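# What the coordinates show
Chain by chain, the residues run as shown.
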Amino acid sequence: MALPLMPNSLDHVALWTDERDALAAFLCDHLGMHEIERTDAFTLVGVDAKLGKLTLFDADGPRDPGALERVVLRVGDLEAAVAALPVPVERENGAALFDAPGGLRMGLVEAPGTEYDLDHVVISVPDTDSAAERLTEMGFDRSDGSLTVDDRAVRLEQGAADDGGRPLLNHIALLVDSARGLETEAERHGFEVDDVKDAANTFAVFLKGPAGLRVEYVEHKPGFALV
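These lines cover the structure that appears in this document, whether it is placed above or below. This is a predicted model, so every value here is computed, not measured.

## Overview of the sheet that holds strand 15 (residues 202-208)
Read across the open sheet, the eight strands follow the order 2-3-4-1-13-16-15-14; overall the sheet is mixed. Sheet topology places strand 2 (34-38) and strand 14 (193-198) at the edges, where each strand pairs with a single neighbour. Adjacent strand axes in the sheet meet at a mean angle of 25°, parallel and antiparallel pairs treated alike.

Now the structure itself:
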């Protein structure tokens, strides 16, 4: 049974990493992002606090990519963006793929929108059909082989990668107008609530999705002040 909610966007991708500072520096120095927030536990980076972001949580390493195949950003001029990268680049189906610190596989695609905003995330799962069905029930739209929220997407690939108990992917997050009533509704609709966090700027409910994927539903509180 589907959840009774309409997410506004794919808000962020959260990672476990033993190279938080190196990864944050790479994203800021070469991929147009800036540090939005930093605490003892995590660093939040992106081109804007209200667009697609990456949250980098400190963790013991090394981390294994496991189910996380790659995180892909959009740019207006792909060749110019590639020329500015300090790492080797591979080409695949119109995307430029490369490795960032901490074992994070990334990509760039030429697409409309804000420069270096999040475009899509590729995740491997044992059964793409059942995973897509479950994620659709969790608020994603199915479109042209992708699961979308507004203009950002999650793409599923067939696979069963072993992360060795140290996954790189922590969770993916959807922005919603109200997360406060979601906990009760989720349990009523047969979803397992994994966690609830009430922070200064946000309120969030985490649900367990297919193949161990955690999905966060995050609400920006009035006066949301990150920049």
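Let us keep going from here.
## Some details on the sheet that holds strand 8 (residues 104-110)
The strands making up a sheet associate through hydrogen bonds between their backbones, and the pairing can be parallel or antiparallel. Taken together, eight strands build an open sheet; the order of strands is 6-7-8-5-9-12-11-10 and the sheet is mixed. The open sheet is flanked by strand 6 (90-92) and strand 10 (141-143), the only strands paired with a single partner. Mean inter-strand twist for the sheet, computed between neighbouring axes without regard to direction, equals 30°. Two elements, strand 6 and strand 7 (residues 95-100), share three bridges in a ladder whose sense is antiparallel. Within the sheet, the bridge partner assigned to Glu90 lies in strand 7 and is Leu97. In the packing of helix 3 (residues 128-137) onto the sheet, contacts are made with strand 9 (117-125), strand 10, strand 11 (146-149) and strand 12 (152-158), and the angle to strand 12 comes to roughly 155°.

## Remarks on helix 3
Listed in full, the buried residues belonging to helix 3 are Ala131, Ala132, Leu135 and Glu137. Considering only its buried residues, helix 3 is in contact with strand 9, strand 10, strand 11, strand 12 and strand 16 (214-220). The backbone nitrogen of Asp129 has a side-chain oxygen 3.1 Å away, supplied by the residue at the start of helix 3, namely Asp127. Once helix 3 finishes, Gly139 follows within two positions and takes phi at roughly 120°, a positive value.

## Considerations on the pattern of salt bridges
Taken as a whole and judged by the stated rule, the model has 19 salt bridges. For the salt bridge of Lys53 with Asp11, the shortest nitrogen-to-oxygen distance reads 3.0 Å. Of this pair, Lys53 sits in strand 4 (residues 53-58) while Asp11 is found in strand 1 (residues 9-17), placing the two residues 42 residues apart along the sequence. Take Lys53 and Asp11: they sit in the same class, and that class is buried. A salt bridge links Lys208 to Glu192, with the shortest nitrogen-to-oxygen separation between them at 3.5 Å. Of this pair, Lys208 sits in strand 15 while Glu192 sits in the loop between helix 4 (182-188) and strand 14; the two residues are 16 residues apart in sequence, bridging distant segments of the chain. Members of the salt-bridge network, linked through shared partners, are Glu192, Asp194, Lys208 and Arg214.

## Observations regarding the environment of Leu169
Relative to the assigned elements, Leu169 resides in strand 13 (residues 169-175). Overall, Leu169 belongs to the buried group, its relative accessible area being 13%. For the pair Leu169 and Thr148, spaced 21 residues apart in sequence, the C-alpha separation works out to 19 Å. Setting aside its immediate chain neighbours within four residues, Leu169 contacts Val13, Ala14, Leu15, Trp16, Leu68, Ile123 and Leu213.

## Let's talk about unusual backbone geometry
With an omega of 0°, the peptide bond running from Gly61 to Pro62 counts as cis. By the element assignment, Pro62 lies in the loop between strand 4 and strand 5 (68-75). With a phi close to 50°, Asn93 is a non-glycine residue in the positive phi region. Turning to its location among the elements, Asn93 is positioned in the loop between strand 6 and strand 7. A positive phi angle, close to 55°, is found at Ala211, a residue other than glycine. Looking at the element boundaries, Ala211 is found in the loop between strand 15 and strand 16. Classification of Ala211 as exposed rests on a relative accessible area of 56%.

Criteria and cut-off values
- For every chain, the first residue of the written sequence is number 1, and numbering continues from 1 along that sequence.
- Owing to the predicted nature of the model, reporting of local features is limited to residues with pLDDT of at least 70; listing and counting of side-chain atom pairs is limited to 80 or more, with chain, interface and lining totals taken over all residues.
- Water and hydrogen atoms were dropped before computing side-chain values, which therefore reflect all heavy atoms in the structure.
- Criterion used throughout: strands pair if DSSP finds at least two bridges between them.
- Numbered from the N terminus, helices here are DSSP runs of H or I no shorter than four residues, and strands are runs of E no shorter than two.
- Only the contacting stretch of a helix is used when fitting its axis, a line to C-alpha atoms as for every element, and angles between N-to-C directions run 0 to 180 degrees.
- Contacts: residue pairs with any heavy atoms within 4.5 Å of one another.
- Burial classes: relative accessible area under 20% of the type maximum marks a residue as buried, over 50% as exposed, and values in between as partly exposed (1.4 Å probe, protein chains only).
- Residues adjacent in sequence count toward polar contacts only when both atoms are side-chain atoms; beyond that, a polar contact is any pair of N or O atoms within 3.5 Å, and within protein one must be able to donate a hydrogen and the other to accept it.
- Throughout this description, the term salt bridge denotes a Lys or Arg side-chain nitrogen within 4 Å of a carboxyl oxygen of Asp or Glu.

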